[in-house]
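Each chain, written out:
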Amino acid sequence: KPSYWIIDQEKKDGPFCQKCYDANQLLIRLQGENNDIWHCHECKSIYYGPGHTPHQRRVRTTNWRNS
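These remarks concern the structure in this document. From a predicted model like this one, the values you see are computed outputs, not experimental measurements.

1. As for the pattern of salt bridges
Oppositely charged side chains are able to pair whenever their charged atoms sit close together. Considering all chains together, one arrives at one salt bridge under this definition. In this structure, Arg29 and Asp13 form a salt bridge, with 2.9 Å as the shortest nitrogen-oxygen distance. Pair noted here: Arg29 is in the loop between α1 (18–24) and β3 (31–33) and Asp13 is in strand β2 (residues 11–16), with a separation of 16 residues, a long-range link. By relative accessible area, which is 39% here, Arg29 ends up partly exposed.

2. Some details on the packing of aromatic side chains
Scanning all chains against the criterion turns up one aromatic pair. When the centroid spacing of 5.7 Å and the interplanar angle of 80 degrees are considered together, the rings of Tyr4 and Tyr21 count as edge-to-face. With Tyr4 in strand β1 (residues 4–8) and Tyr21 in helix α1, this residue pair connects regions lying 17 residues apart in the sequence. Assessed through its relative accessible area of 29%, Tyr4 is described here as partly exposed. Note that Lys12 overlies the ring of Trp5, its terminal NZ or CZ placed 4.5 Å from the centroid.

Analysis parameters
Residues numbered from 1 in each chain as written. Predicted model: local features only at pLDDT ≥ 70, side-chain atom pairs only at ≥ 80, totals over all residues. Heavy atoms only, no water. Salt bridge = Lys/Arg side-chain N within 4 Å of Asp/Glu carboxyl O. Helix = DSSP H or I, 4+ residues; strand = E, 2+ residues; numbered from the N terminus. Buried < 20%, exposed > 50% of the residue type's maximum accessible area, 1.4 Å probe, protein only. Phe/Tyr/Trp six-rings, centres within 6.5 Å; stacked < 30°, edge-to-face > 60°. Lys NZ or Arg CZ within 6 Å of the ring centre and 35° of its normal.

Right, here's the structure in full:
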């Protein structure tokens, strides 16, 4: 989830874009990046795999003290 895979006996092929297939029956292969993020170059959808870990935003702090 949320992408599609083709499974033929013991061979697994994919992932393919869910949006492109549901709308137009096109099997558009997703392109992977670091951190299990996948992009569709056809419809520009972004998918996050189960291994994705969101980046935490750093909060800048100061050492100000009100006297």
